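Close look at the chain arrangement
Below, each chain spelled out in residue letters.
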Amino acid sequence: MTTTSAVKNNNLLPPGLVSNLQQVLLSRKGGEDEQQSKNADESTSLPSDSPEPNSDENDLKPIVLVTNGDGIESPGLAYLVEALVHQGLYNVHVCAPQSDKSVSGHSVTLKETIAVSSADVNGATAYEVSGTPVDCVSLAFSGALFSWSKPLLVISGINRGSSCGRQMIYSSVVAGAREALMSGVPSLSISLNWKKDESQDSDFKDAVTVCLPLINAAVRDIEKGIFPKSCSLNIEVPTSPLTNKGFKLTKQSLWRSIPSWQAISSNKSGRFMSNQQSLGMQLAQLSRDASAAGAARRLTTQRKNLEVVESVGAAGKSDFNRSVKYFQQEFLDKELDDMDEDLDYRALQNGFVSVTPLSLSPHIELETQTAASEWIAAALHLEQ
(Lines give C-alpha, C1' and ligand atoms only; values in the text may rest on other atoms or scores of the structure.)
Protein backbone atom coordinates (compact mmCIF):
# COMPACT_ATOMS: atom_id res chain seq x y z
CA MET A 1 0.00 0.00 0.00
CA THR A 2 2.86 2.35 0.74
CA THR A 3 4.34 1.87 -2.73
CA THR A 4 0.98 2.47 -4.39
CA SER A 5 0.49 5.69 -2.44
CA ALA A 6 3.93 6.90 -3.44
CA VAL A 7 3.18 6.39 -7.12
CA LYS A 8 -0.19 8.12 -6.85
CA ASN A 9 1.32 11.19 -5.24
CA ASN A 10 3.94 11.61 -7.95
CA ASN A 11 2.35 14.41 -10.07
CA LEU A 12 5.05 14.06 -12.76
CA LEU A 13 3.50 10.82 -14.05
CA PRO A 14 0.53 10.76 -16.52
CA PRO A 15 -2.77 9.66 -14.93
CA GLY A 16 -3.08 6.64 -17.26
CA LEU A 17 0.35 5.34 -16.29
CA VAL A 18 -0.44 5.85 -12.63
CA SER A 19 -3.64 3.82 -13.05
CA ASN A 20 -1.81 1.00 -14.82
CA LEU A 21 0.90 0.89 -12.13
CA GLN A 22 -1.74 0.72 -9.45
CA GLN A 23 -3.42 -2.25 -11.12
CA VAL A 24 -0.09 -4.07 -11.52
CA LEU A 25 0.87 -3.46 -7.89
CA LEU A 26 -2.56 -4.54 -6.63
CA SER A 27 -2.42 -7.72 -8.70
CA ARG A 28 1.03 -8.48 -7.28
CA LYS A 29 -0.25 -7.79 -3.80
CA GLY A 30 -3.12 -10.21 -4.36
CA GLY A 31 -0.73 -12.87 -5.66
CA GLU A 32 1.50 -12.44 -2.62
CA ASP A 33 -1.49 -12.77 -0.30
CA GLU A 34 -2.55 -15.98 -2.04
CA GLN A 35 0.98 -17.37 -1.81
CA GLN A 36 1.21 -16.46 1.88
CA SER A 37 -2.14 -18.13 2.50
CA LYS A 38 -0.95 -21.23 0.65
CA ASN A 39 2.28 -21.31 2.66
CA ALA A 40 0.34 -20.95 5.90
CA ASP A 41 -1.90 -23.87 4.93
CA GLU A 42 1.14 -25.99 4.10
CA SER A 43 2.85 -25.10 7.37
CA THR A 44 -0.12 -26.30 9.41
CA SER A 45 0.04 -29.68 7.71
CA LEU A 46 3.74 -30.26 8.48
CA PRO A 47 4.59 -33.41 10.46
CA SER A 48 5.25 -33.26 14.21
CA ASP A 49 9.03 -33.19 13.73
CA SER A 50 8.91 -29.84 11.95
CA PRO A 51 10.98 -26.91 13.30
CA GLU A 52 10.00 -25.24 16.55
CA PRO A 53 7.59 -22.25 16.45
CA ASN A 54 9.14 -18.83 16.04
CA SER A 55 10.21 -16.75 18.99
CA ASP A 56 7.11 -14.56 18.84
CA GLU A 57 4.88 -17.58 19.45
CA ASN A 58 7.14 -18.84 22.25
CA ASP A 59 6.98 -15.45 23.94
CA LEU A 60 3.26 -15.97 24.51
CA LYS A 61 3.79 -19.30 26.29
CA PRO A 62 4.51 -19.66 30.03
CA ILE A 63 8.23 -19.84 30.75
CA VAL A 64 9.50 -23.01 32.42
CA LEU A 65 13.11 -23.12 33.61
CA VAL A 66 14.81 -26.51 33.93
CA THR A 67 17.99 -27.15 35.91
CA ASN A 68 19.45 -30.22 37.62
CA GLY A 69 22.27 -31.53 39.76
CA ASP A 70 23.70 -34.29 37.56
CA GLY A 71 24.89 -31.96 34.81
CA ILE A 72 23.57 -30.82 31.46
CA GLU A 73 24.45 -34.06 29.68
CA SER A 74 22.45 -36.27 32.04
CA PRO A 75 19.66 -38.41 30.54
CA GLY A 76 17.20 -37.29 33.21
CA LEU A 77 17.39 -33.68 32.09
CA ALA A 78 17.39 -34.63 28.39
CA TYR A 79 14.22 -36.73 28.60
CA LEU A 80 12.44 -34.11 30.70
CA VAL A 81 13.26 -31.24 28.34
CA GLU A 82 12.36 -33.34 25.30
CA ALA A 83 8.90 -34.04 26.70
CA LEU A 84 8.25 -30.42 27.69
CA VAL A 85 9.32 -29.10 24.29
CA HIS A 86 7.36 -31.77 22.41
CA GLN A 87 4.13 -30.75 24.15
CA GLY A 88 4.49 -27.27 22.67
CA LEU A 89 2.79 -25.70 25.68
CA TYR A 90 5.75 -23.95 27.29
CA ASN A 91 8.68 -21.72 26.47
CA VAL A 92 11.36 -24.05 27.81
CA HIS A 93 14.70 -22.68 29.01
CA VAL A 94 17.58 -24.69 30.48
CA CYS A 95 20.35 -23.45 32.75
CA ALA A 96 22.25 -26.41 34.18
CA PRO A 97 25.71 -27.25 35.54
CA GLN A 98 28.39 -28.19 33.07
CA SER A 99 29.37 -31.23 35.15
CA ASP A 100 27.99 -33.43 37.92
CA LYS A 101 27.18 -31.35 41.03
CA SER A 102 24.64 -33.75 42.50
CA VAL A 103 25.84 -33.55 46.12
CA SER A 104 26.93 -29.92 46.25
CA GLY A 105 23.95 -28.93 48.41
CA HIS A 106 23.02 -25.24 48.46
CA SER A 107 26.56 -24.11 47.65
CA VAL A 108 27.28 -21.02 45.57
CA THR A 109 30.36 -19.82 43.70
CA LEU A 110 31.94 -16.63 45.02
CA LYS A 111 35.07 -14.71 43.95
CA GLU A 112 35.51 -16.97 40.93
CA THR A 113 34.56 -16.39 37.32
CA ILE A 114 31.76 -18.60 36.02
CA ALA A 115 31.84 -19.61 32.35
CA VAL A 116 28.56 -19.95 30.45
CA SER A 117 28.25 -21.66 27.08
CA SER A 118 25.24 -22.19 24.85
CA ALA A 119 24.12 -25.82 24.62
CA ASP A 120 21.89 -27.98 22.46
CA VAL A 121 19.20 -29.65 24.58
CA ASN A 122 16.32 -30.99 22.49
CA GLY A 123 15.07 -27.71 21.09
CA ALA A 124 15.12 -25.64 24.29
CA THR A 125 17.01 -22.39 24.83
CA ALA A 126 19.87 -23.83 26.88
CA TYR A 127 23.09 -22.85 28.63
CA GLU A 128 25.66 -24.86 30.55
CA VAL A 129 27.30 -23.19 33.53
CA SER A 130 30.60 -23.96 35.27
CA GLY A 131 28.91 -23.59 38.65
CA THR A 132 26.39 -25.22 40.95
CA PRO A 133 22.63 -25.65 40.42
CA VAL A 134 22.05 -22.76 42.81
CA ASP A 135 24.37 -20.63 40.67
CA CYS A 136 22.35 -21.65 37.61
CA VAL A 137 19.00 -20.62 39.08
CA SER A 138 20.38 -17.40 40.55
CA LEU A 139 22.03 -16.45 37.24
CA ALA A 140 18.85 -17.25 35.29
CA PHE A 141 16.83 -14.99 37.59
CA SER A 142 19.34 -12.13 37.40
CA GLY A 143 18.22 -10.92 33.97
CA ALA A 144 21.84 -11.03 32.78
CA LEU A 145 21.48 -14.29 30.85
CA PHE A 146 17.86 -14.46 29.67
CA SER A 147 15.54 -11.66 28.56
CA TRP A 148 13.25 -12.47 31.49
CA SER A 149 14.00 -12.49 35.22
CA LYS A 150 11.35 -14.86 36.59
CA PRO A 151 9.82 -17.94 34.99
CA LEU A 152 6.40 -19.31 35.87
CA LEU A 153 7.86 -22.56 37.21
CA VAL A 154 11.28 -24.07 37.92
CA ILE A 155 11.82 -27.82 37.56
CA SER A 156 15.01 -29.28 38.99
CA GLY A 157 15.83 -32.79 37.78
CA ILE A 158 15.45 -35.55 37.01
CA ASN A 159 18.19 -36.58 39.46
CA ARG A 160 19.93 -39.96 39.43
CA GLY A 161 19.31 -41.30 42.94
CA SER A 162 16.94 -40.59 45.80
CA SER A 163 16.89 -37.27 47.65
CA CYS A 164 14.71 -38.42 50.53
CA GLY A 165 14.98 -37.46 54.17
CA ARG A 166 18.12 -35.73 55.36
CA GLN A 167 19.69 -36.48 52.01
CA MET A 168 17.94 -33.28 50.91
CA ILE A 169 20.65 -31.36 52.77
CA TYR A 170 23.30 -32.76 50.42
CA SER A 171 21.05 -32.80 47.35
CA SER A 172 21.71 -30.06 44.82
CA VAL A 173 18.59 -30.99 42.83
CA VAL A 174 16.51 -30.00 45.88
CA ALA A 175 18.74 -26.94 46.36
CA GLY A 176 17.99 -25.75 42.82
CA ALA A 177 14.27 -25.86 43.56
CA ARG A 178 14.81 -24.24 46.96
CA GLU A 179 16.71 -21.33 45.39
CA ALA A 180 13.75 -20.70 43.10
CA LEU A 181 11.37 -20.76 46.06
CA MET A 182 13.58 -18.24 47.88
CA SER A 183 12.98 -15.90 44.93
CA GLY A 184 9.23 -16.41 45.10
CA VAL A 185 8.97 -18.82 42.14
CA PRO A 186 7.10 -22.15 42.55
CA SER A 187 9.31 -25.15 41.97
CA LEU A 188 9.49 -28.92 41.67
CA SER A 189 12.47 -31.18 42.33
CA ILE A 190 12.36 -34.66 40.84
CA SER A 191 14.56 -37.68 41.58
CA LEU A 192 14.56 -41.28 40.37
CA ASN A 193 15.40 -43.98 42.91
CA TRP A 194 18.28 -45.29 40.81
CA LYS A 195 19.61 -48.75 41.65
CA LYS A 196 23.04 -49.84 40.46
CA ASP A 197 23.00 -52.90 38.16
CA GLU A 198 19.21 -52.65 37.97
CA SER A 199 18.24 -49.23 36.59
CA GLN A 200 18.85 -48.03 33.03
CA ASP A 201 18.69 -44.69 31.26
CA SER A 202 15.28 -45.43 29.73
CA ASP A 203 13.85 -45.39 33.26
CA PHE A 204 14.25 -41.60 33.18
CA LYS A 205 11.91 -41.47 30.20
CA ASP A 206 9.36 -43.51 32.16
CA ALA A 207 9.81 -41.18 35.15
CA VAL A 208 8.98 -38.22 32.89
CA THR A 209 5.81 -39.99 31.74
CA VAL A 210 4.79 -40.44 35.38
CA CYS A 211 5.53 -36.84 36.42
CA LEU A 212 4.25 -34.96 33.37
CA PRO A 213 0.58 -34.83 34.50
CA LEU A 214 1.65 -33.27 37.81
CA ILE A 215 3.89 -30.76 36.00
CA ASN A 216 1.05 -29.75 33.67
CA ALA A 217 -1.33 -29.41 36.61
CA ALA A 218 1.19 -27.25 38.46
CA VAL A 219 1.61 -24.85 35.51
CA ARG A 220 -2.15 -24.64 34.99
CA ASP A 221 -2.89 -23.86 38.63
CA ILE A 222 0.01 -21.44 39.04
CA GLU A 223 -1.55 -19.43 36.21
CA LYS A 224 -4.91 -19.62 37.99
CA GLY A 225 -3.32 -18.56 41.28
CA ILE A 226 -4.42 -21.70 43.16
CA PHE A 227 -1.08 -23.52 43.45
CA PRO A 228 0.05 -23.79 47.12
CA LYS A 229 1.86 -20.61 48.15
CA SER A 230 5.46 -20.62 49.41
CA CYS A 231 5.78 -24.28 48.56
CA SER A 232 8.18 -26.50 46.64
CA LEU A 233 7.30 -30.12 45.91
CA ASN A 234 10.00 -32.79 46.11
CA ILE A 235 8.96 -35.72 43.93
CA GLU A 236 10.61 -39.12 44.37
CA VAL A 237 9.95 -41.70 41.64
CA PRO A 238 10.40 -45.42 42.45
CA THR A 239 12.96 -47.59 40.71
CA SER A 240 10.39 -49.03 38.29
CA PRO A 241 8.43 -45.88 37.40
CA LEU A 242 5.67 -47.42 35.29
CA THR A 243 4.74 -49.97 37.95
CA ASN A 244 4.28 -47.39 40.70
CA LYS A 245 1.33 -47.68 43.09
CA GLY A 246 0.30 -44.06 42.64
CA PHE A 247 1.15 -40.68 44.13
CA LYS A 248 1.40 -40.39 47.90
CA LEU A 249 1.67 -37.19 49.91
CA THR A 250 4.55 -37.70 52.33
CA LYS A 251 6.58 -36.08 55.08
CA GLN A 252 10.33 -35.65 55.13
CA SER A 253 11.93 -38.55 57.00
CA LEU A 254 15.16 -38.70 58.99
CA TRP A 255 16.68 -41.19 56.55
CA ARG A 256 20.13 -40.54 55.18
CA SER A 257 22.91 -42.42 53.45
CA ILE A 258 25.91 -43.19 55.62
CA PRO A 259 29.21 -41.63 54.49
CA SER A 260 32.09 -44.09 54.22
CA TRP A 261 35.71 -43.00 53.83
CA GLN A 262 38.43 -45.28 52.47
CA ALA A 263 42.14 -44.63 52.21
CA ILE A 264 43.43 -44.89 48.63
CA SER A 265 47.03 -45.94 47.97
CA SER A 266 49.18 -43.50 46.02
CA ASN A 267 49.39 -45.79 42.99
CA LYS A 268 45.58 -45.81 42.81
CA SER A 269 45.14 -42.10 43.28
CA GLY A 270 45.63 -41.44 39.57
CA ARG A 271 42.73 -43.75 38.78
CA PHE A 272 40.62 -42.05 41.42
CA MET A 273 41.34 -38.63 39.96
CA SER A 274 40.47 -39.80 36.46
CA ASN A 275 37.00 -40.75 37.62
CA GLN A 276 36.14 -37.12 38.36
CA GLN A 277 33.79 -35.86 35.68
CA SER A 278 35.14 -32.34 35.50
CA LEU A 279 38.57 -31.62 34.05
CA GLY A 280 38.69 -28.45 36.10
CA MET A 281 38.11 -30.45 39.29
CA GLN A 282 40.93 -32.84 38.43
CA LEU A 283 43.46 -30.11 37.78
CA ALA A 284 42.39 -28.07 40.79
CA GLN A 285 42.74 -31.12 43.07
CA LEU A 286 46.15 -31.99 41.69
CA SER A 287 47.31 -28.42 42.12
CA ARG A 288 46.20 -28.32 45.75
CA ASP A 289 48.31 -31.40 46.39
CA ALA A 290 51.32 -29.85 44.62
CA SER A 291 52.42 -27.47 47.37
CA ALA A 292 51.15 -26.15 50.69
CA ALA A 293 53.00 -22.86 50.26
CA GLY A 294 52.24 -22.37 46.60
CA ALA A 295 51.54 -19.18 44.74
CA ALA A 296 48.45 -19.39 42.53
CA ARG A 297 48.31 -18.35 38.96
CA ARG A 298 45.45 -18.77 36.51
CA LEU A 299 45.66 -20.80 33.36
CA THR A 300 43.06 -20.89 30.62
CA THR A 301 42.24 -24.33 29.30
CA GLN A 302 41.05 -24.96 25.78
CA ARG A 303 38.17 -27.08 27.00
CA LYS A 304 35.01 -24.97 27.12
CA ASN A 305 36.78 -21.88 28.42
CA LEU A 306 37.20 -23.20 31.97
CA GLU A 307 39.61 -21.47 34.33
CA VAL A 308 41.73 -23.74 36.52
CA VAL A 309 44.25 -22.89 39.20
CA GLU A 310 47.77 -24.26 39.05
CA SER A 311 49.83 -24.01 42.23
CA VAL A 312 53.62 -23.98 42.17
CA GLY A 313 56.05 -24.11 45.07
CA ALA A 314 57.83 -21.07 46.39
CA ALA A 315 60.54 -19.95 43.98
CA GLY A 316 59.35 -22.68 41.62
CA LYS A 317 60.43 -25.48 43.97
CA SER A 318 58.21 -28.36 45.05
CA ASP A 319 57.76 -29.34 48.69
CA PHE A 320 58.94 -32.96 49.02
CA ASN A 321 58.95 -33.06 52.82
CA ARG A 322 55.25 -33.28 53.49
CA SER A 323 53.18 -36.43 53.47
CA VAL A 324 50.20 -36.69 51.11
CA LYS A 325 47.36 -39.11 51.73
CA TYR A 326 44.39 -39.90 49.50
CA PHE A 327 40.87 -40.72 50.57
CA GLN A 328 37.68 -41.54 48.70
CA GLN A 329 34.16 -41.08 50.05
CA GLU A 330 31.03 -42.94 49.09
CA PHE A 331 27.52 -43.08 50.52
CA LEU A 332 26.09 -46.39 51.71
CA ASP A 333 22.34 -46.98 51.92
CA LYS A 334 20.84 -47.56 55.33
CA GLU A 335 17.41 -48.96 56.12
CA LEU A 336 14.94 -46.65 57.85
CA ASP A 337 13.83 -47.91 61.25
CA ASP A 338 10.73 -45.72 61.41
CA MET A 339 7.75 -47.65 60.03
CA ASP A 340 5.52 -44.58 59.43
CA GLU A 341 3.99 -45.20 56.00
CA ASP A 342 3.66 -41.45 55.35
CA LEU A 343 7.42 -40.82 55.34
CA ASP A 344 9.04 -40.15 51.97
CA TYR A 345 11.61 -42.94 52.13
CA ARG A 346 9.09 -45.53 53.31
CA ALA A 347 6.56 -44.60 50.60
CA LEU A 348 9.29 -44.77 47.94
CA GLN A 349 10.43 -48.21 49.09
CA ASN A 350 6.81 -49.39 48.98
CA GLY A 351 6.52 -48.41 45.31
CA PHE A 352 4.71 -45.08 45.59
CA VAL A 353 5.65 -41.79 43.94
CA SER A 354 6.46 -39.72 47.00
CA VAL A 355 5.43 -36.04 46.92
CA THR A 356 6.80 -34.01 49.83
CA PRO A 357 5.88 -30.33 50.25
CA LEU A 358 8.86 -28.25 51.38
CA SER A 359 8.71 -24.82 52.94
CA LEU A 360 11.32 -22.21 53.79
CA SER A 361 9.76 -21.55 57.19
CA PRO A 362 8.98 -24.31 59.73
CA HIS A 363 6.28 -22.10 61.26
CA ILE A 364 3.94 -22.67 58.32
CA GLU A 365 4.77 -26.35 57.81
CA LEU A 366 1.31 -27.62 58.82
CA GLU A 367 -0.45 -25.01 56.69
CA THR A 368 1.78 -25.85 53.72
CA GLN A 369 1.22 -29.58 54.21
CA THR A 370 -2.56 -29.12 54.26
CA ALA A 371 -2.64 -26.84 51.22
CA ALA A 372 -0.35 -29.14 49.25
CA SER A 373 -2.41 -32.18 50.18
CA GLU A 374 -5.62 -30.57 48.94
CA TRP A 375 -3.98 -29.35 45.73
CA ILE A 376 -2.34 -32.70 44.88
CA ALA A 377 -5.62 -34.57 45.41
CA ALA A 378 -7.53 -32.11 43.19
CA ALA A 379 -4.81 -31.93 40.50
CA LEU A 380 -4.46 -35.68 40.13
CA HIS A 381 -8.25 -36.13 40.05
CA LEU A 382 -8.53 -33.65 37.18
CA GLU A 383 -5.65 -35.24 35.24
CA GLN A 384 -7.23 -38.69 35.52
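Residues numbered from 1 in each chain as written. Predicted model: local features only at pLDDT ≥ 70, side-chain atom pairs only at ≥ 80, totals over all residues. Heavy atoms only, no water.

Before going further, it helps to spend a moment on the overall build of the chain. Across its full length, the chain carries twelve helices and 13 strands. Within the chain, buried positions represent 41% of all 384 residues. Counted over contacts in the chain with a minimum sequence separation of 6, partners at least 24 positions apart contribute 76%. Entry remark: accessible area of the chain is about 21300 Å², with carbon and sulfur atoms responsible for 50%. (Helix = DSSP H or I, 4+ residues; strand = E, 2+ residues; numbered from the N terminus. Buried < 20%, exposed > 50% of the residue type's maximum accessible area, 1.4 Å probe, protein only. Contact = heavy atoms within 4.5 Å. Areas by Shrake-Rupley, 256 points an atom, 1.4 Å probe, with all protein chains shown as cover.)

Along the polypeptide, serine 265 turns up in the loop between β9 (258-264) and α9 (266-274). Judged by its relative accessible area of 33%, serine 265 is partly exposed. With 61 residues separating them in the primary sequence, serine 265 and tyrosine 326 have C-alpha atoms 6.8 Å apart.

Time to look at the confidence of the model for the chain. With 66% of its residues at a pLDDT of at least 70, the chain reaches an overall mean of 76. By mean pLDDT, strand β10 (residues 295-300) is the weakest element of the chain at 38, and strand β1 (residues 63-67) is the strongest at 98. Between residues 38-53, whose pLDDT stays under 50, and residues either more than four places distant or in other chains, the model counts four contacts. (pLDDT = per-residue confidence, 0-100.)

Moving on: the environment of leucine 249. Relative to the helices and strands, leucine 249 resides in strand β8 (residues 247-249). C-alpha of leucine 249 to C-alpha of leucine 233: the two residues are 16 residues apart in sequence and 9.9 Å apart in space. Apart from the residues lying within four places of it in its own chain, the contact partners of leucine 249 are Asp342, Val355, Pro357, Gln369, Ser373 and Ile376.

Taking burial as the measure, the eight residues of strand β5 (residues 153-160) include seven buried ones, the bulk of the element. Bridge analysis of β1 against β5 gives four bridges, and the strand direction is parallel. Following the sheet pairing, valine 66 is matched in β5 by isoleucine 155. In the sheet, β5 pairs with strand β6 (residues 187-192) via five bridges, with the strands oriented parallel. Each bridged residue has a counterpart across the sheet, and for arginine 160 the counterpart in β6 is leucine 192. (Pairing = 2+ DSSP bridges.)

Time to look at the packing of helix α5 (residues 133-141) against helix α7 (residues 172-182). A pair of packed helices can be characterised by two numbers: the angle between their axes and the separation between those axes. Put simply, α5 and α7 touch, their axes get as near as 8 Å, and they point 25° apart. For the element pair α5 / α7, the angle class is roughly parallel. When the axes of α5 and α7 are compared, the crossing they make is right-handed. Taking contact as the criterion, the partners of Pro133, Val134, Val137, Ser138 and Phe141 in α5 are, on α7, Ser172, Ala175, Gly176, Glu179 and Ala180. Broken down by class, the residue content of the contact of α5 with α7 amounts to six nonpolar, three polar and one charged. (Axes fitted to C-alpha atoms, helices over the stretch in contact; angles between N-to-C directions. Parallel < 35°, antiparallel > 145°, perpendicular 65-115°, else oblique. Left-handed = near helix turned anticlockwise from the far one by under 90°. Nonpolar A, V, L, I, M, F, W, Y, C, P; charged D, E, K, R; others polar.)

Between glycine 157 and isoleucine 158 the backbone carries a cis peptide bond, its omega angle lying at 5°. Checked against the element boundaries, isoleucine 158 lands in strand β5. With a phi angle near 50°, asparagine 122 is a residue other than glycine that sits in the positive phi range. Residue position: asparagine 122 is located in the loop between β3 (116-121) and β4 (124-129).

Turning our eyes to something else, we now look at the environment of methionine 182. By secondary structure assignment, the location of methionine 182 is in helix α7. For the pair methionine 182 and serine 359, spaced 177 residues apart in sequence, the C-alpha to C-alpha distance is 9.6 Å. Leaving out residues up to four positions away in the same chain, methionine 182 has contacts with His106 and Leu360.

With that out of the way, let us pick up the sheet that holds β3. Read across the sheet, nine strands follow the order β3-β4-β2-β1-β5-β6-β7-β13-β8 without closing on themselves; strand pairing throughout is mixed. Both outer strands of the open sheet, β3 and β8, are each paired with one neighbouring strand and no more. Ignoring which end each strand starts from, the neighbouring axes of this sheet average 25° apart. Note: β3 against β4, six bridges, orientation antiparallel. Residue pairing across strands places serine 117 opposite glutamate 128, the latter belonging to β4. Lying over the sheet, α7 contacts β5, β6, β7 (232-237) and β13 (353-358), oriented at roughly 175° with respect to β6.

What follows concerns helix α4 (residues 75-87). Relative to the 18 Å expected for 13 residues at 1.5 Å per residue, α4 spans 18 Å between its end C-alpha atoms, a close match to the ideal helical length. Within α4 the residues assigned to the buried category are Pro75, Gly76, Leu77, Leu80, Val81, Ala83, Leu84 and Val85. Buried residues along α4 sit against β1, β2 (91-97), β3, β4, β5 and α8 (202-224). In the segment just after α4, glycine 88 is the residue with positive phi, at about 75°. (Expected span 1.5 Å × (residues − 1).)

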